[in-house]
Structure formats: C-alpha cells, structure tokens
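# Breakdown of the fold
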Amino acid sequence: MPAPIIVIGTGLAGYNFGREFRKADTETPLMYITSDDGRSYSKPMLSTGFTKSKTAEDLAMATADEMAGHLKASIRTMTHVDTINASEQTISVAGESIKYSKLVLAVGAKCIEAPLAGDGADDVYVINDLMDYGQFREGLAGKKKVFIIGAGLIGCEYANDLSNGEFEVEAVDPMSTVLANLLPEQASQAVRHALETEKNVKFHFGTVAESVTKSGDDYEIRLKNGTTTRADIVLSAIGVRASTALAEKAGLAINHGIVVNRELQTNDANIYALGDCAEVDGQLLYYVMPLMACARALAKTLSGTATPVCYGAMPVGIKVPVCPTQVSPPPRDAEGEWEVETDGSNVKATFRNSAGELLGFALTGDKVSEKMALQKQLPSILA
Ligand SMILES: Cc1cc2nc3c(=O)[nH]c(=O)nc-3n(C[C@H](O)[C@H](O)[C@H](O)COP(=O)(O)OP(=O)(O)OC[C@H]3O[C@@H](n4cnc5c(N)ncnc54)[C@H](O)[C@@H]3O)c2cc1C
C-alpha cells in the first residue's frame, strides 16, 4: 500500500481539494487529519445564520464519516498535527508517526485575539469554525445585547445578522468608520448609515475595547476613550492571520503565510499549501474564490498534470443585506485615484490609474448591479 496523500485541514480548502482530486484519481489513498470535528460546512454562512434562519446544525452539510465516504478517504477528527518531519516525509500525531507521499497543508487562519484586560476577557467569543459558531449560538440563548469588537468585514456582517436576529448590537472599531480598510469613504458611510439607521447598531469609532469585566449576569466593556458600556455577550472579530506555526516549525518558508509557488508547492518538493494559510506567489487572500482555484489546480498537479493556479478578478460580496456591498479592492501599492458617484446609499466608486485602467471598485445599494460589467474590465490577480 503506497503512503497516502495526507491533507491537514477539513475546511473549504481541504475538502474542495479532495473533491477535485477524486474527479481525476479515484485510487490514490487520501487521509485527512483535522483538529475540529470534520463536518463539511461553508464558513461564509456563519455570518448569515439569523438572516437565513440556520442553526449550526442546519449549516453542517455532511459529517466527517459521510465525507470519508464521498471522498474515499480516511478522516481523523479532533486530532492536532504537532510536527512535520519533512526529510522523513512523516507527520507526528499524538506520538504516532504517519508517512505521507505528498502533504497538503490546508490549516486555515487563526482569529487575531484582542488584547483585553478584565475577568470577562476569557468569555469573549471568537468564531472561526462551525463548532465555535454552535457555542456562540448556545451562548446567545436568552440574551438581548451583543457587543462586537471590530467593524470590519466580519464584524459588520455579524452586526447586520445579529440585528436581524432581534439582538441589540453595539460595536467598536479603531478606525473612523466601518470597513475602513476595504472601502473608500463614501461606500463605508453608506454601509454605516444603513446599519445605524435601519438596524440601530451603535458604533464607537476611533477607540478600542480595553477590558471586559463580569458584572452580575452581563459584562462591562471599557473603551480606551473612557466610555463604558454593558452587554450580555461579547464577540471579537478583529481579523485573521494565516496559521503558519506548524509549517514554520518544519522549516518551510514563511512570509505572511506559508510561501508557495503557482503550483502551490512550498520550498519542500513534497509539501503543498492552499487556502487561508497559503501565500500564493505573494498573494494572501482570505476568500473562497482563490482557494477554489487553488483546489482545482492542485488536484490536477497531484494527479499528474502540473498546473499553475490562475486568479482572475475576484470581487467580494459583503453580507450586509441592509446595504448590499461588492468590492474589489485595488492592489495595495497601486497608484491611481478613486472616482465616486453617490446619492448617499447607492455608491459607485471606481479606482483607475493614470492611463484610465480600472484597478478596483466598490459598489453599494442599487449600484451592485454593475458588478459584472466592472469585473470584466479588471486585470487578473494572477494571470
Ligand atoms: C464569518 C465569516 C464569513 C466569511 N464570509 C466570506 C464570504 O462571504 N466570501 C468569501 O469569499 N470568504 C468569506 N470568508 C472567508 C472564507 O470563509 C475562508 O477564506 C475559508 O473558509 C478558509 O478555508 P480554509 O479551508 O483555508 O480554512 P479553515 O476553514 O479555517 O480550515 C482549516 C482547517 O485546518 C484544521 N487545522 C488547523 N491546524 C491544524 C493542525 N495543526 N492539525 C490538524 N488540523 C488543523 C482546522 O481544524 C480546519 O479543519 C468568511 C470567513 C468568516 C470567518
């Protein structure tokens, strides 16, 4: 029996790689190892649970056993991989050493922890998978008011979703408005205005949460600007960072993520990475479309046809139904200017260079209908 391809991680990256791989190769042994329960689910759905009336159980599309059947794979759940021994092509799991032919790292990203003082800091929720989401939903039972740390993409999505679930929502962000790192000012203001006026979300901008303290049945949240407020439950959503510790310990090249080339190969010829953990040819994109492209390309490569990944333009929908929003941010170092048409809630912002070429856009409200037309004009991210 040849050593299996081992995939670490059963998120969208790991499972989509397996689905694609099995289209081309039904025989090579495939083994999954995951530190969670291995259920298949779509992570973007976690921030629309109330809007779509879905519990954590509803969001689970298949159990680990069902996935093992679909993928003709073995799957070990609730199992953390501690060490990779690249020279021996083994991984070590709870003292056991397992040989691989190829290793695929699909270990995702970790939520950044907000530095908080106070005896309630350990009770602050972060949601990075379906199990976290289930615990958060349990924690919400009988509660009325949620305080969210962070008003970026995930924070705003939860603010809208929890409001739709009839929770009172208050949030804090160090920037001067919502989604400030992603949208030009007018588009941010449109989203902020809709959340404030239609969903009654109360924001604190230009400051951060310093402490969360237990206070009877609820929590007191103290902000750096001296404001204090109270909530029944606190959720932190201040961003994610690629999980690189395991790869780094194995001597693999790391930058902001695990460094891989266009064939998703690390600096070790037998180890590959994709998804939120992987920095592909300099691009670290925490979204679904890039990982799907990587899953397709890597499946071809590992079934015998070396295939570099290509990324077209990949706009992101921000799930704030109170103000539909689509964005394709310009590359970080791009030179150019935003041009904005707005009537307040309907914003069309385009970012062009001096030659007039479109490099990015942000659309809110009715203007999201122009997404496809603009997307066609954008250059590919990895041609
Ligand atoms: C609330 C929310 C909403 C989102 N909405 C959108 C959206 O609308 N559109 C979009 O494009 N993107 C969205 N994203 C981002 C998108 O969901 C992620 O980019 C994607 O799910 C990442 O998948 P992944 O498989 O790389 O990582 P993960 O889903 O994090 O999977 C990582 C896996 O690795 C396992 N693992 C990690 N370390 C180890 C170890 N040492 N040993 C064993 N197992 C290990 C974990 O258990 C897990 O199974 C959203 C993210 C969140 C949190």
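Note: the structure precedes this text.
My aim in this report is to walk through the structure given alongside it, one point at a time. (Residues numbered from 1 in each chain as written. Predicted model: local features only at pLDDT ≥ 70, side-chain atom pairs only at ≥ 80, totals over all residues. Heavy atoms only, no water.)

## A short note on the side chain of Asp173
- For Asp173, the location among the structural elements is in strand 10 (residues 168-173).
- Within the buried core, Asp173 has no salt-bridge partner, and the shortest N-O distance to an opposite charge, that of Arg192, equals 10 Å.
- Discounting residues that sit within four places of it in the chain, Asp173 has contacts with Gly150, Ala151, Gly152, His204, Phe205, Gly206 and Thr207. (Helix = DSSP H or I, 4+ residues; strand = E, 2+ residues; numbered from the N terminus. Buried < 20%, exposed > 50% of the residue type's maximum accessible area, 1.4 Å probe, protein only. Lys, Arg positive; Asp, Glu negative; His and termini not counted. Salt bridge = Lys/Arg side-chain N within 4 Å of Asp/Glu carboxyl O. Contact = heavy atoms within 4.5 Å.)

## Remarks on the site of the ligand
- The immediate surroundings of the ligand are formed by 30 residues, with Lys43, Val81, Asp276, Val288 and Lys319 found nearest.
- Contact between the ligand and Leu12: an oxygen atom at 3.2 Å from a main-chain N or O atom of the residue.
- Protein contact buries 90% of the 1,000 Å² of open area that the ligand shows by itself.
- Going through the elements one at a time, helix 1 (12-24), helix 5 (153-164) and helix 8 (288-302) are the ones with two or more residues in the shell around the ligand.
- In terms of residue count, helix 5 provides more of the shell around the ligand than any other element does, 3 residues in total.
- For the shell around the ligand, the class distribution of residues is 15 nonpolar, 10 polar and 5 charged.
- Structurally, the shell around the ligand is a two-domain feature, drawing no fewer than three residues from each of domain 1 (5-109 + 240-302) and domain 2 (113-236). (Near = heavy atom within 4 Å. Polar contact = N/O pair within 3.5 Å; in protein donor to acceptor, adjacent residues only side chain to side chain. Areas by Shrake-Rupley, 256 points an atom, 1.4 Å probe, with all protein chains shown as cover. Nonpolar A, V, L, I, M, F, W, Y, C, P; charged D, E, K, R; others polar. Domains from an automatic or database assignment.)

## Topic: the pattern of salt bridges
- As enumerated under the stated definition, the model contains 12 salt bridges in all.
- With a shortest N-O distance of 3.1 Å, Glu20 and Lys23 are connected by a salt bridge. Residue Glu20 and its partner Lys23 are both found in helix 1; the two are separated by 3 residues, about one turn of the helix.
- Given the relative accessible area of 64%, Lys23 is considered exposed.
- When salt bridges with common partners are traced through the structure, they connect Asp37, Arg39 and Glu57 into a single cluster.

## Thoughts on the environment of Ala141
- If you trace the backbone, Ala141 turns up in the loop between helix 4 (130-140) and strand 9 (145-149).
- Taking the relative accessible area as the measure of exposure, Ala141 reaches 54% and is therefore exposed.
- Along the chain, Ala141 and Gly282 lie 141 residues apart, while their C-alpha atoms are 43 Å from each other.

## A closer look at the sheet that holds strand 12 (residues 209-215)
- Taken together, 3 strands build an open sheet; the order of strands is 12-13-14 and the sheet is antiparallel. Two strands in the sheet have a free side with no partner beyond their single neighbour: strand 12 and strand 14 (228-231). In this sheet, adjacent strand axes meet at a mean angle of 25° when their direction is disregarded.
- In this sheet, strand 14 lies alongside strand 13 (residues 218-223) in antiparallel orientation, the contact comprising 4 bridges. Each residue of the ladder has a partner; that of Glu220, found in strand 14, is Arg230. (Pairing = 2+ DSSP bridges. Axes fitted to C-alpha atoms, helices over the stretch in contact; angles between N-to-C directions.)

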